[in-house]
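Close look at the chain arrangement
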Amino acid sequence: MKRKLLVTAIGFLIGSSTQATIFEWSQDETRIYEEKFNAMEFQCKIAAQDAFLELQQTYFLPKKDSKVIYEMILEREKRKATYDYICKIPKERFANKKRINELYQDSIDARILPNNENLAGKNISAVLRFADKIGITTDSYNQIVNLGLSTAKNLRKNPRYNYEVEVMDSLRTFLTKEQLVKILRITNIQPAVDKGIAVWNEVKAAGLVENSDSISCCNGAIEYFLQERIINDMFVGHDKVLKKNLSDLRKQQPLIVRINDSIKKKEELLRKKEEENNEITMAW
């Protein structure tokens, strides 16, 4: 029995039945639910509560969206339950339930994408979260939501799915360069701050910056590492352009970063020399 689910716009639609609906129910679904209401209602409620709690443990759910998301899940479970009566053939029953799961999963994901980096990556989440502040158009926003939904599906199928190149190539199409740079500054600022402060502390511990301005040095290192991370993200998968931009950036490397690089190289040489000496000792 082939059933076609009628997909409407995301959001609540007030149906003609006794309940609010998110996606329009088929005639068979409505008929069976009304006929089997007493048999289905309790089990569907339990299934929805369990699924909602599982979702809460996996993702951050904004308080303003929690009620809507629960209603989506409850309606999903009710519609799936109708196919226990509509379909007599297990294969058809499974296919319809799978289709309903996918239909509602997209609606749920669309609501939680902005606040959950583990769903489709940090950059998609940041774009959607800061869309108003960076002036993204409605069309671009919808395109990025669709990109996020596609990425989330691929990650569920394969947790090792490498999405970075596809996502960044798409974001470069949907956003202006200025908008993209703003987003990448947001997603990379904390690691850059941490690394800049760490470099300052290492160079200071080596006694090489005693008369330097800590704030100025730290800020310079932070901005350098931030630009480095932005370039790595923006040109991922495009090695020639990536190397060219990193090479240009390194020509402007702050003194504190150059000093720290020298310290690291010296430490590496000493480590290798020590390993060589240990090998010689063991040979004897």
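Rules behind the numbers
Residues numbered from 1 in each chain as written. Predicted model: local features only at pLDDT ≥ 70, side-chain atom pairs only at ≥ 80, totals over all residues. Heavy atoms only, no water. pLDDT = per-residue confidence, 0-100. Helix = DSSP H or I, 4+ residues; strand = E, 2+ residues; numbered from the N terminus. Contact = heavy atoms within 4.5 Å. Core = buried A, V, L, I, M, F, W, Y, C linked by side-chain atoms within 4.5 Å. Buried < 20%, exposed > 50% of the residue type's maximum accessible area, 1.4 Å probe, protein only. Salt bridge = Lys/Arg side-chain N within 4 Å of Asp/Glu carboxyl O. Phe/Tyr/Trp six-rings, centres within 6.5 Å; stacked < 30°, edge-to-face > 60°. Axes fitted to C-alpha atoms, helices over the stretch in contact; angles between N-to-C directions. Parallel < 35°, antiparallel > 145°, perpendicular 65-115°, else oblique. Left-handed = near helix turned anticlockwise from the far one by under 90°. Nonpolar A, V, L, I, M, F, W, Y, C, P; charged D, E, K, R; others polar. Polar contact = N/O pair within 3.5 Å; in protein donor to acceptor, adjacent residues only side chain to side chain. Expected span 1.5 Å × (residues − 1). Bend = angle between axes of the 7 residues up to and from the residue. 1 Å grid on protein atoms, 1.4 Å probe; cavity = no way out; pocket = protein on both sides within 12 Å on 5 of 7 lines; lining within 4 Å. Points joined across faces, edges and corners; volume = space filled by probe spheres on them. Disulfide = S-S within 2.5 Å.

**What about the confidence of the model for the protein chain?**
Of the residues in the protein chain, 88% reach a pLDDT of 70 or more, and the chain-wide mean stands at 87. Least confident of the elements in the protein chain is strand E1 (residues 13-14), whose mean pLDDT is 28; most confident is helix H6 (residues 122-129), at 97. A low-confidence stretch, residues 1-20 stays under pLDDT 50, and its non-local contacts, those more than four residues away or across chains, total 42 contacts.

**Describing the nonpolar core**
The nonpolar side chains of a soluble globular protein tend to be buried with one another. Counting 72 residues, the largest nonpolar core has Ile 69, Ile 73, Leu 113, Ile 124, Leu 171 and Ile 256 as the members making the most contacts within it. With 10 residues, the single largest contributor to this core is helix H10 (residues 214-234). Beyond its immediate stretch of four places on either side in the chain, Leu 113 contacts Leu 119, Ala 120, Ile 124, Ser 125, Leu 128, Val 145, Gly 148 and Leu 149. Counting residues in each nonpolar core, the second largest holds 5 residues, with Trp 25, Tyr 33, Met 40 and Ala 81 among its members.

**Considerations on the pattern of salt bridges**
Tallied over the full model, the rule gives 18 salt bridges. For Arg 31, the salt bridge identified is with Asp 28, shortest N-O distance 3.4 Å. In this pair, Arg 31 and Asp 28 both sit in helix H1 (residues 27-35), 3 residues apart, roughly one turn of the helix. Because the salt bridges share partners, they merge into one network encompassing Asp 28, Arg 31 and Glu 35.

**Here we look at the packing of aromatic side chains**
Per the counting criterion, the structure on display carries 6 aromatic pairs. On the basis of an interplanar angle of 85° and a centroid distance of 5.2 Å, the ring pair of Phe 23 and Tyr 104 is categorised as edge-to-face. Placement of Phe 23 in the loop between strand E2 (20-21) and H1 and of Tyr 104 in helix H4 (residues 90-112) is noted, with a sequence separation of 81 residues between them. Centroid distance Trp 25 to Tyr 33: 5.5 Å. Interplanar angle 65°. Geometry classified as edge-to-face. The two residues Trp 25 and Tyr 33 agree in class, both being buried. One aromatic cluster is present, formed by Trp 25, Tyr 33 and Phe 37 through successive ring pairs.

**With respect to the packing of H6 against helix H9 (residues 177-205)**
Relative placement of two packed helices is described by the angle separating their axes and the distance separating the axes. With their axes 9 Å apart at the nearest point, H6 and H9 run at an angle of 120° to one another. For the element pair H6 / H9, the angle class is oblique. Our pair here, H6 against H9, has a crossing hand that is right-handed. Here Lys 122, Asn 123, Ala 126 and Val 127 of H6 come into contact with H9, specifically with Ile 183, Leu 184, Thr 187 and Asn 188. Across the contact of H6 with H9, the residue classes break down as 4 nonpolar, 3 polar and 1 charged.

**Considerations on the side chain of Ser 140**
Among the structural elements, Ser 140 can be located in helix H7 (residues 138-157). Take Ser 140: its relative accessible area is 12%, and that puts it in the buried class. One polar contact links the side chain of Ser 140 to the main-chain carbonyl oxygen of Phe 174, over a distance of 3.1 Å.

**Looking at H9**
Compared with an ideal rise of 1.5 Å per residue, which puts 29 residues at 42 Å, H9 spans 39 Å between its outermost C-alpha atoms and is within 8% of the ideal. In H9, a bend of some 50° at Asn 188 exceeds every other bend along the element, and Pro 191, a proline, comes one to four places later. Among the residues making up H9, those that are buried are Gln 179, Leu 180, Ile 183, Leu 184, Thr 187, Asn 188, Ala 192, Gly 196, Val 199, Trp 200 and Val 203. Gly 207 sits one or two residues past H9 and shows a positive phi near 75°.

**Some thoughts on the layout of surface pockets**
Unoccupied space between atoms shows up once a probe the size of one water molecule is rolled over them. One number sums up the size of the largest pocket: a volume of about 260 Å³. Arg 76, Lys 98, Asn 101, Glu 102, Gln 105, Asp 106, Asp 109, Lys 153, Arg 156 and Lys 157 together form the lining of the largest pocket. Listed by contribution, the elements that provide at least two residues to the lining of the largest pocket are H4 and H7. Counting residues per element, the lining of the largest pocket draws most heavily on H4, which supplies 6 residues. Of the residues assigned to the lining of the largest pocket, the class counts are no nonpolar, 2 polar and 8 charged.

**Structural notes on the state of the cysteines**
Across all of its chains, the model carries 0 disulfides by this definition. Between Cys 217, a cysteine without a disulfide, and Cys 218, which holds the nearest cysteine sulfur, the sulfur-to-sulfur distance is 7.2 Å.

**Looking at the packing of H1 against helix H3 (residues 63-86)**
Between H1 and H3, whose axes approach to 9 Å, the crossing angle comes to 85°. As the angle between them shows, H1 and H3 are arranged roughly perpendicular. Side by side, H1 and H3 meet where Asp 28, Glu 29, Ile 32 and Tyr 33 of the first sit next to Lys 78, Arg 79, Thr 82, Tyr 83, Tyr 85 and Ile 86 of the second. Residue composition of the contact of H1 with H3, by class: 5 nonpolar, 1 polar and 4 charged.

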